[in-house]
Amino acid sequence: MTRIAAPEIQRAAPKKSKKVSHFSTNLFVVLMLAYPIAQFLIMWLGVNINSIFLTFKSFYNGKLVWVFQNPDIWDGNTSHFWSTLFYNYVTLFQSFSSPDTQSLFSASLVYFVISCLITLPISMFFSYFVFKKIAGNSFFKVIFFLPCILPLFILTMVYSLSLSPNGFIAGFLNLMHVNYGAFFDDLFIGDRAQWMVWIFCVWAGIGYDVILLTAGMSRIPRDILESCKMDGVSPMKEFFKIIIPLSWPTITTLFIFGMMSVFTVTFQPFFLTSGQYNTMTIGLQIYQESGGSGLQAPATLGLFCSVVGAPIIVATRWGLNKCYQNVGF
Amino acid sequence: MKKKSMMLLALGALTSLAGLTACGGGSTSTKADDEIWICVYDGGYGTDWLKDVSASFTAKTGIKVHYDADTSVLDRIESALRDGGDYDIYMSHGINWQSYAANGWLANLDDLYTSSVDGFSGTFADRLANGAAALSKITGDDKAEHYYKVCYTQGAGGLVYNVDMFKANNWSVPTTYDELVTLCQTIINAKVSDGGRGTVTPIAWSGKDRQYYWDYPVFEWWYQLAGKDKIDTVTKYMGPTGKYADGYEMYNPSSYYKEFMQAYDMWYKLIATNPANSMASSYSATLASAQANFVNGKSAMIPYAQWAKFELSAIADNGTLPFNIAMMKTPKATASAADCNYMVGFGDSMVIPANSTQIANAKKFLNYMATEEACKTFVKDSNGAFLAFDYTKVDLSDLEATDTFAKSVHEKLSTTNFSLSSTNPITYRTVNSVMPWAGNKYYYQSACQNNDGYTAAKVGDLVYNTAKSNWPTWLRNASLSD
């Protein structure tokens, strides 16, 4: 009898253990997912919903209230319903006639050219340079990577101090007895200020792009490259016909990031020119206005940019993904 | 065993996160009944005054005072007021107190304003500097006006000069603009050695970091040329018809803003078209560079405000300036004009959060700050800055006997004071300042770089057009309509 009973007890034990095991696994999954989900709900969904709500609010008696609760805006006349509902959007569209707003958008759009059409191609070239371990590549690695590990504030300070009348470049030119006149006095003033911010963005942006591109290129199987070498493929041909197609997903990602810089370049002009001399960007304007009490204006500008920008970016991504579709390794 | 470890890992991670989150919760719950916490903007006044004022306040009342100086106070004050924070008093510039008060996040200070002050026969409101009370109240939901802040400092700005250098060279402090122009030429002609290979230059200033310091003399010239009534009219932000719709007409350089452009033109002729009056490259110089030039005796004057001595001493050897400094009354625009003082930083605020558990004690501290003793301590410890209280009966004679700067600031504050601070919503609903430089666009630096591009006539048009094109947006964002 005892022989028969023993296996029954043994069979029952795993059943209980399996339940505990399921519970433990589920608890583990729930615990690990709880934080990111809460983070998403609060920091993304909550914030964005709040921002959307803000675009339908205005100030009355010092408080942000729904536009229909503001008697200064809503007079109860149903023919004014839509103009009242979209009060902040109408305000934004009206501001488009202002030269300051036009300058804001044009100054921001320039960063598409800088990021996608200047910084990215240069980065691709230098990444190939680093990837092929051409002489001096370690030096260039440091030059490119340094801006990525320094905080932006320090980087902008180093940049502007280096190019100041008492900076090391002026000092070096003095040593060389080069007469540069008032060149360094005017770099961050007037029309030159824009150029200085753009040059900074190219310099600081290359490092970030190079890091990602070299990582992408390093995944390309050596066999392919060795095969090219045996076939006598020139470095130029290898770059355009092999490296670029095989690194295309990384390039696509960086191109999309570059497009987004139209909306995200914020602190570069803030630290270098305080947004003066036509260097104010959409991101900086939203940042500065968010520091005040009129939060509905930056929220509306932000939502407008998202609505306009998101389809363009998605369409571009779709188009770029179509390229080199059948290339892989 | 492996699963147990993973469970522990997950629980550990969550516990750590919860712990980290709790760090921001503040220490309000653990605060004792007899202590208050103050957060002050870490600016040009230091914290010595807070240390001394707190010590004497504690000695009198038994209430302990803790304080933190923080440059990021403005970044977190809103969430702290809304959700609860560590502090019972905030002191800073740029506090959007009108919005916070309207949302019910600030403690009502009406009883503080009617409370009596130690050693003074009147009320707290009577102790305030002229005009401070009017800037501290807004209309509440009950349609009555209530106080929600106390003005922090009253200020003075203008040209700070090297007293010892002036004395040694028999240079008189100019009292009119013409005398200032002559003085600059005298300094240049004197070719006084700067201790190195160069000669002393009249003025050092920073175009890169502090071009707005030129506002201080320019605003005072504007006030002298336009008069109080015209400036009051302009700062109502309503047009000639008394309506907001054409309020941008207040920036019209041929009518309402004419004198402002005249004041700018005076600066333009003194500095922009006369580079010899400034240190080389001043218009692109950093603040540190301008400070160093003045502290090292390379220039005789520097535009600054009441925090000049505190900041300039900080960069001098041993933390002490090697010479006496003073702030001159801004040389008058015309010989017949009266001296006046633009109240720099008059909009700065001291507020008590409505969710503070120590509102009564915090009010006691603000009340104590109005006493003559605290006012004097502030002047002494901040190296010449003044709280926004009436100093006419505060005896500063012993301090001023040795401190030429504090004495000069006091004398300047004793002239006709004016401020451009306003409680009109257009001034605080639009982040970019609307007055006097429309859109917060400054032209001092640009005018030095490109004289012809930024004459008074051209800058007048720029300011007017900026205001005109942005006016409808500013009005709508402030929910202002006629």
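The shown structure was predicted, so the numbers you read here are calculated from the model rather than taken from an experiment.

Participant: Could you give an account of the overall build of chain A, with specific residues and numbers?
Facilitator: Helix and strand content of chain A: 14 helices and two strands. The globule rule puts the C-alpha radius of gyration for 329 residues at 20 Å, and the 28 Å found for chain A is more than 25% above it.

Participant: Kindly report on the domain arrangement of chain A, identifying the contributing residues and their values.
Facilitator: Domain assignment breaks chain A into domain 1 (1-48) and domain 2 (98-322). A separation of 48 Å is found between the C-alpha centroids of domain 1 of chain A and domain 2 of chain A.

Participant: Give a detailed account of the interface of chain B and chain A, specifying residues and quantitative values.
Facilitator: At the interface, 38 residues of chain B touch 35 residues of chain A. Elements with a minimum of two residues in the side of chain B that touches chain A: α1 (2-23), α4 (97-102), α19 (425-429), α20 (444-449) and α21 (456-477) of chain B.

Participant: Run through helix α11 (residues 248-264) of chain A, naming residues and quoting values.
Facilitator: All names here are of chain A. In this model, α11 (17 residues) spans 23 Å end to end at C-alpha, consistent with the 24 Å of a helix rising 1.5 Å per residue. Those residues of α11 not exposed but buried are Ile251, Leu254, Phe255, Gly258, Ser261, Val262 and Phe263. On the buried face of α11, the contacting elements are α4 (99-131), α8 (191-217), α10 (235-246), α13 (282-290) and α14 (296-322).

Participant: Explain helix α2 (residues 48-61) of chain B to me, and be specific about the residues and the numbers.
Facilitator: All names here are of chain B. The end-to-end C-alpha distance of α2 is 20 Å, a good match for the 20 Å that 14 residues give at a rise of 1.5 Å each. Among all positions in α2, only Trp49, Leu50, Val53, Ser54 and Phe57 are buried. On an axial view of α2, the arc spanned by its buried residues comes to 120 degrees, and they lie on one face. In this structure, α2 carries Ala55 and Ala59 as exposed residues pointing more than 90 degrees from its buried face. If you follow the buried residues of α2, they end up packed against β1 (35-41), β2 (64-70), α15 (359-369) and α16 (372-381). Note on α2: the residue one or two positions beyond its end, Gly62, has a positive phi of about 80 degrees.

Participant: Break down the packing of α4 of chain A against helix α5 (residues 137-149) of chain A for me, with residues and values.
Facilitator: How two helices pack is summed up by the angle between their axes together with the distance between the axes. Residues and elements named next belong to chain A. At their nearest, the axes of α4 and α5 sit 9 Å apart, and the two run at 135 degrees to each other. Relative to α5, α4 is oriented oblique. For the pair α4 and α5, the sense of crossing is left-handed. On the side of α4, the interface is formed by Phe126, Phe129 and Val130, while α5 contributes Asn137, Phe140, Lys141 and Phe144.

Participant: Any details on the nonpolar core? Residues and values, ideally.
Facilitator: Most often, soluble globular proteins have nonpolar side chains that are buried together. Judged by nonpolar contacts, the single largest core of 160 residues is most densely connected at Ile38 and Ile89 of chain B. With 10 residues, helix α12 (residues 258-272) of chain B is the single largest residue contributor to this core. Both domains that meet at this core, namely domain 1 (34-106 + 108-147 + 349-387) and domain 2 (157-344 + 420-477) of chain B, each give it at least three residues. Excluding its chain neighbours within four sequence positions, the residues that come into contact with Ile89 of chain B are Ile36, Ile38, Met350, Ile352, Ala362 and Phe365 of chain B. Judged by nonpolar contacts, the second largest core, of 28 residues, contains Leu92, Leu155, Ala193 and Phe200 of chain A.

Participant: Describe in detail the sheet that holds β2 of chain B, supporting the description with residues and values.
Facilitator: Within a beta sheet, neighbouring strands are joined by backbone hydrogen bonds and run either parallel or antiparallel to one another. Residues and elements named next belong to chain B. With mixed pairing, five strands are arranged side by side in an open sheet as β2-β1-β3-β13-β6. Each edge of the open sheet is held by one strand with a lone partner, namely β2 and β6 (150-151). Where β6 lies against strand β13 (residues 349-351), two bridges are found, and the strand directions are antiparallel. From the neighbouring strand, Cys151 faces β13, where its bridge partner is Ser349. In this fold α2 packs onto β1 and β2, with an angle of close to 165 degrees to the strand it touches most, β2. Against the sheet, helix α3 (residues 73-83) makes contact with β1, β2 and β3 (89-92), and its axis sits at roughly 145 degrees relative to β3, the strand it touches most.

Participant: How would you explain the pairing of strand β8 (residues 157-162) of chain B if you had to name every residue and give the values?
Facilitator: Residue and element names in this part refer to chain B. Taking burial as the measure, the six residues of β8 include six buried ones, the bulk of the element. Here β8 runs beside strand β10 (residues 299-305); their pairing, made up of five bridges, is antiparallel. Bridging across to β10, Val160 finds its partner in Ile302. Note that β8 and strand β11 (residues 325-327) share three bridges and pair antiparallel. Along β11, the bridge assignment pairs Asn162 with Ile325.

Participant: So, the domain arrangement of chain B: which residues are in play, and what are the values?
Facilitator: All names here are of chain B. Taken as a whole, chain B is organised into domain 1 (34-106 + 108-147 + 349-387) and domain 2 (157-344 + 420-477). The C-alpha-based centres of domain 1 and domain 2 are spaced at 30 Å. In this complex, domain 1 contributes 12 residues to the contact, which on the side of domain 2 involves nine residues. Split into classes, the residues belonging to the side of domain 1 that touches domain 2 amount to five nonpolar, seven polar and no charged.

Participant: Residue-level account of the pairing of β2 of chain B, with values.
Facilitator: Residue and element names in this part refer to chain B. Two strands pair when backbone bridges link them, and β1 and β2 are joined in this way by seven bridges, in the parallel orientation. By the bridge assignment for β2, Glu35 is matched with Lys64. Crossover handedness for the path β1 to α2 to β2: right-handed.

Cut-offs and rules
- Residues numbered from 1 in each chain as written.
- Chains lettered and ligands numbered in written order.
- Predicted model: local features only at pLDDT ≥ 70, side-chain atom pairs only at ≥ 80, totals over all residues.
- Helix = DSSP H or I, 4+ residues; strand = E, 2+ residues; numbered from the N terminus.
- Rg over C-alpha atoms; globule rule 2.2 N^0.38 Å.
- Domains from an automatic or database assignment.
- Contact = placed C-beta atoms within 7 Å.
- Expected span 1.5 Å × (residues − 1).
- Buried ≥ 20, exposed ≤ 12 C-beta atoms within 10 Å, placed from the backbone.
- Arc of directions from axis to C-beta.
- Axes fitted to C-alpha atoms, helices over the stretch in contact; angles between N-to-C directions.
- Parallel < 35°, antiparallel > 145°, perpendicular 65-115°, else oblique.
- Left-handed = near helix turned anticlockwise from the far one by under 90°.
- Core = buried A, V, L, I, M, F, W, Y, C linked by C-beta atoms within 7 Å.
- Pairing = 2+ DSSP bridges.
- Nonpolar A, V, L, I, M, F, W, Y, C, P; charged D, E, K, R; others polar.
- Right-handed = clockwise from strand over helix to strand, strands pointing away.

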